[in-house]
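Close look at the chain arrangement
Chain by chain, the residues run as shown.
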Amino acid sequence: MNERDIVLEAKKIEKRFGGLKAIDDFSLHLYKGEILGLIGPNGAGKTTMFNIIAGSFPATLGEIYVDGKLVNKPQSHQMARMGVARTYQIVRPFSNLTVLENTMVGAFLNTGNTETARRKAREILAILKLEGKADIRGKDLTLIDLKRMEVARALATEPRILLLDEVIAGLNPTGRDMVIEMISGIRETMGVSIIIIEHVMKAVMKLCDRIYVLNQGKLIAEGAPLEISSNEAVIQSYLGVKKHAEN
Amino acid sequence: MKKLSKNNVWMLIAFAVAVILPNTTKSSSVLQIMVVTMMYAFFTTAWNISGGYAGQLGLGNGVYIGIGAYITGILFNELHVSPWFGLLAGGVFAAIISLGMGSFTFKLQGTYYSLATVALLAILRIFLNENRYIMGWDFGGPAGLKTKWLGVSFQNMQFMDKRIYYYIALGFLMISLLACWHTSRSKSGYYFRAIDTNQEAAASLGVNVMQYKLQAQFISALLMGMGGGFYVAFYQFIDTETMFNFELSFQTMLMAVIGGRATVFGPAVAACLLIPFNELLRRYFGTALPGLPMLLYGLILMATIQFMPQGVIPFISEKLERRKAGERARLPINGPEPGAETKGEANTDE
């Protein structure tokens, strides 16, 4: 695997909501097979960045490149077809459908055949160890299973880039370990490049090859986990805040 | 497998009953109720594809039924086109109109979409009331359009024996049930239901939401337009008041909601129970207590929404499902690791 292959690049992104600058001149790139972390305090613009990359809404300024190709005013479904899949910070299950059916909706991206989609969905569920829950409806699932189901659904589209928005936060320690293991498993077995937004620092440090730190829409640091955890600006604006709040 | 064959047996029984039923009576008015029941079952099943599966709660369905009816009627009166072809033309025209309307109303969501469809009803009613002659053809204006009686003929879809209308309506119902059944197990059906529950999540999985909404609306409008053609052939009279008022449109939607949206048989079953019930009430109490049928209808609707918000059929099948699952194993539904901590900021624990 060539580490220098860039699968996704966002250049000089700016996003304004009225007078508020949610993202301010932020660029990122994702290497093939990499797990990239996007961290920062609440309101830093992490999820906004995901929404721009996934095509939920356009950036005010800046450009998105997938495999070196400029994506012009992307819409969600077009980004999905280009191989970008995502999960949501606040889960969005198809609550009347079962876990299997939810996953099949993803699998239908690459097939028109119901049986093929069902087989593909079962495969994914087996990889994520969710096959036991296949027939449970979205509305009857616990939070951890909802989060795993969203990952299953996204993976069923056979993405090359996966955006995971806080799949670990909100879970108990057992659940966390399970999902951390799942994420590194996905990278290894499926060769998917991943960006994660996460507040659970232990998980970020363990999983990520590189980390971007955002604060108020601006990049304040970029680097390997160890560099980040000792970075003054990061401790000031993010890691330190927690300790302060705890006192 | 066992469950499937059991369902098949029920379907066969229902079909056999439907076939035999009109031969059990000589009463013209009872037959009339049967035809109307089949027709409404057809309308509501047709609506179910866009309104049920794709979740687009359109209230202006009378538009498509009305367009189909007027096209069929006018082609028959002015150009002597057989209603069999007329209803196809009506269906196709209604479907094309639905694409035009959908491309701007589908940008609206939820209640706003429903309200926009109501506006379309009013527009069409006023337009046809004000324009009696269009291209020199007599649409009847507010007085209504009466089709010419040319004597009993299959080609003109004019019969004295109401049983024939019944079987034609039954045939249409079968077509729409097949369309629903096929939808429920196809890629489109999965996409429709995904759009219904969470549009944004559907888009993130590559579903072109607009395209699939239009597709659902197209199928529903096509079928409803064809049904409109049957409507005019059966009643031999339509006017703007019956086609474009709320009753026809609301009934179509309500039966699907009561029976169970996005189930193949729910809407048709509800129609088969509610239409005869409504007609009987109207017959026996219509003169003594004119408001009673509507009152009871309202009560049924309230009770359904209160106790079975998903509709009767899903409610029953879920009950059965639960009971079966309970018998199989008394395991808790959820995994061993429930619970969630509140999300903290910068969770640096150990």
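1. Some words on the overall build of chain B
For chain B, the count of helices and strands is 14 helices and four strands. For chain B, buried positions account for 49% of its 350 residues. Considering only residue pairs separated by 6 or more positions, chain B has 76% of its internal contacts joining residues 24 or more positions apart. Charge-centre separation for chain B: the mean point of 25 positive side chains lies 12 Å from the mean point of 18 negative side chains.

2. Focus: the pairing of strand S7 (residues 161-165) of chain A
Looking along a regular strand, one sees the side chains alternate between the two faces of the sheet. Residue and element names in this part refer to chain A. The buried count for S7 comes to five of five residues, which makes it a mostly enclosed element. Residues Ile-161, Leu-163 and Asp-165 point to one face of S7 and Leu-162 and Leu-164 to the other, with burial holding for every one of them. The pairing of strand S6 (residues 84-86) with S7 spans three bridges and is classified as parallel. Looking across to S7, one finds that Ala-85 is bridged to Leu-162. By the bridge criterion, five bridges tie S7 to strand S8 (residues 193-197) in an arrangement that is parallel.

3. Side note on unusual backbone geometry
All names here are of chain A. With a phi close to 55 degrees, Glu-158 is a non-glycine residue in the positive phi region. Relative to the helices and strands, Glu-158 is located in the loop between helix H5 (143-156) and S7. Backbone geometry places Glu-166, a non-glycine residue, at a positive phi of 50 degrees. Mapped onto the fold, Glu-166 is located in the loop between S7 and helix H6 (173-190).

4. Observations concerning the pairing of strand S1 (residues 6-17) of chain A
Residue and element names in this part refer to chain A. Of the strand pairs in this sheet, S1 and strand S2 (residues 20-31) are connected by eight bridges, and their pairing is antiparallel. The residue bridging Lys-15 from the neighbouring strand is Ile-23, located in S2. For S1 and strand S4 (residues 61-66), the ladder comprises five bridges, and the chain directions are antiparallel. Paired with Leu-8 across the bridge in S4 is Val-66.

5. Some points on the interface of chain A and chain B
Every contact between the two is made by 56 residues of chain A and, on the other side, 38 residues of chain B. Between chain A and chain B, roughly 4000 Å² of surface is buried when both sides are summed, and carbon and sulfur atoms account for 52% of that area. For the pair chain A and chain B, the number of links is one salt bridge. Between Glu200(B) and Arg92(A) there is a salt bridge, with its nearest N and O atoms 3.1 Å apart. Across the chain A-chain B interface, the total number found is 12 residue pairs in polar contact (both at pLDDT 80 or more). Mapped by element, the contributors of at least two residues to the side of chain A that touches chain B are helix H2 (76-81), S6, helix H3 (99-107), helix H4 (114-127), H5, H6, helix H7 (201-207) and helix H9 (232-246) of chain A. For the side of chain A that touches chain B, the element with the most residues is H5(A), which contributes five residues.

6. Comments concerning the state of the cysteines
Going through the model one piece at a time under the given rule, you end up with zero disulfides over all chains. For the unlinked cysteine Cys272(B), the closest cysteine sulfur is that of Cys180(B), found at 14 Å.

7. So, empty space enclosed by the protein
If a probe the size of a water molecule is rolled over the atoms, the empty space left behind becomes visible. Residues and elements named next belong to chain B. Summed over all chains, the structure comprises four cavities of 30 Å³ or more. In terms of lining, the largest cavity is formed by 16 residues, of which the most central are Gly-60, Tyr-64, Tyr-113, Thr-117 and Gln-217. Of all the secondary structure elements, the ones that give two or more residues to the lining of the largest cavity are helix H2 (28-53), helix H3 (62-79), helix H4 (83-105) and helix H5 (111-130). The residue inventory of the lining of the largest cavity, partitioned by class, reads seven nonpolar, nine polar and no charged. What lines the second largest cavity is Thr-72, Gly-73, Phe-76, Pro-83, Thr-147, Asn-156, Met-157, Gln-158, Val-232 and Ala-233. Taken together, the elements giving at least two residues each to the lining of the second largest cavity come down to H3 and helix H9 (209-235).

8. Re the packing of aromatic side chains
Residue and element names in this part refer to chain B. One pass over the structure, following the stated rule, counts 23 aromatic pairs over all chains. Measuring from centroid to centroid gives 5.4 Å for Tyr-166 and Tyr-167, while their planes differ by 85 degrees, and the two rings are edge-to-face. Of the residues examined, Tyr-167 reaches a relative accessible area of 31% and is grouped as partly exposed. Seen from their ring centres, Phe-246 and Phe-250 are 5.6 Å apart, and the 50 degrees between their planes marks the pair as tilted. Placement of both Phe-246 and Phe-250 in helix H11 (residues 246-259) is noted, with a separation of four residues, approximately one turn of the helix.

9. Remarks on the environment of Asn113(A)
Mapped onto the elements of the fold, Asn113(A) is located in the loop between H3 and H4. Residues Asn113(A) and Ser76(A) lie 37 residues apart in sequence; the distance between their C-alpha atoms is 23 Å.

10. Section: H5(A)
The end-to-end C-alpha separation of H5(A) is 20 Å, in line with the 20 Å expected for 14 residues at 1.5 Å each. In the stretch just after H5(A), Glu158(A) is the one whose phi turns positive, near 55 degrees.

11. Considering H4(B)
All names here are of chain B. Between its first and last C-alpha atoms H4 spans 31 Å; for 23 residues at 1.5 Å apiece the expected length is 33 Å, and the two agree. If you check which residues of H4 are buried, you get Pro-83, Gly-86, Leu-87, Gly-90, Gly-91, Ala-94, Ala-95, Ser-98, Met-101, Gly-102 and Thr-105. On the buried face of H4, the contacting elements are H3, H5, helix H6 (162-185) and H9.

12. Topic: the confidence of the model for chain A
Within chain A, residue pLDDT values average 89, and 96% of them lie at 70 or more. Confidence over residues 242-247 of chain A falls short of pLDDT 50; this stretch has four contacts with residues more than four positions distant or in other chains.

13. What about the side chain of Arg153(A)?
Relative to the assigned elements, Arg153(A) resides in helix H5. Within the structure, the side chain of Arg153(A) is placed 3.4 Å from the side chain of Glu150(A), a separation counted as a polar contact. Ignoring any residue separated from it by four or fewer positions in sequence, one finds Arg153(A) in contact with Arg92(A), Pro93(A), Phe94(A), Asn102(A), Thr103(A), Gly106(A), Ala201(B) and Leu205(B).

14. A short note on the sheet that holds S2(A)
Residue and element names in this part refer to chain A. With antiparallel pairing, the four strands of this open sheet are ordered in space as S2-S1-S4-S5. Each edge of the open sheet carries a strand with a single partner, namely S2 and strand S5 (69-71). Put simply, the sheet's adjacent strands are angled 25 degrees from each other on average, direction ignored.

Cut-offs applied
- Residues numbered from 1 in each chain as written.
- Chains lettered and ligands numbered in written order.
- Predicted model: local features only at pLDDT ≥ 70, side-chain atom pairs only at ≥ 80, totals over all residues.
- Heavy atoms only, no water.
- Helix = DSSP H or I, 4+ residues; strand = E, 2+ residues; numbered from the N terminus.
- Buried < 20%, exposed > 50% of the residue type's maximum accessible area, 1.4 Å probe, protein only.
- Contact = heavy atoms within 4.5 Å.
- Lys, Arg positive; Asp, Glu negative; His and termini not counted.
- Charge placed at Lys NZ, Arg CZ, Asp CG, Glu CD.
- Pairing = 2+ DSSP bridges.
- Buried area = accessible area lost by both parts, 1.4 Å probe.
- Salt bridge = Lys/Arg side-chain N within 4 Å of Asp/Glu carboxyl O.
- Polar contact = N/O pair within 3.5 Å; in protein donor to acceptor, adjacent residues only side chain to side chain.
- Disulfide = S-S within 2.5 Å.
- 1 Å grid on protein atoms, 1.4 Å probe; cavity = no way out; pocket = protein on both sides within 12 Å on 5 of 7 lines; lining within 4 Å.
- Points joined across faces, edges and corners; volume = space filled by probe spheres on them.
- Nonpolar A, V, L, I, M, F, W, Y, C, P; charged D, E, K, R; others polar.
- Phe/Tyr/Trp six-rings, centres within 6.5 Å; stacked < 30°, edge-to-face > 60°.
- Expected span 1.5 Å × (residues − 1).
- pLDDT = per-residue confidence, 0-100.
- Axes fitted to C-alpha atoms, helices over the stretch in contact; angles between N-to-C directions.

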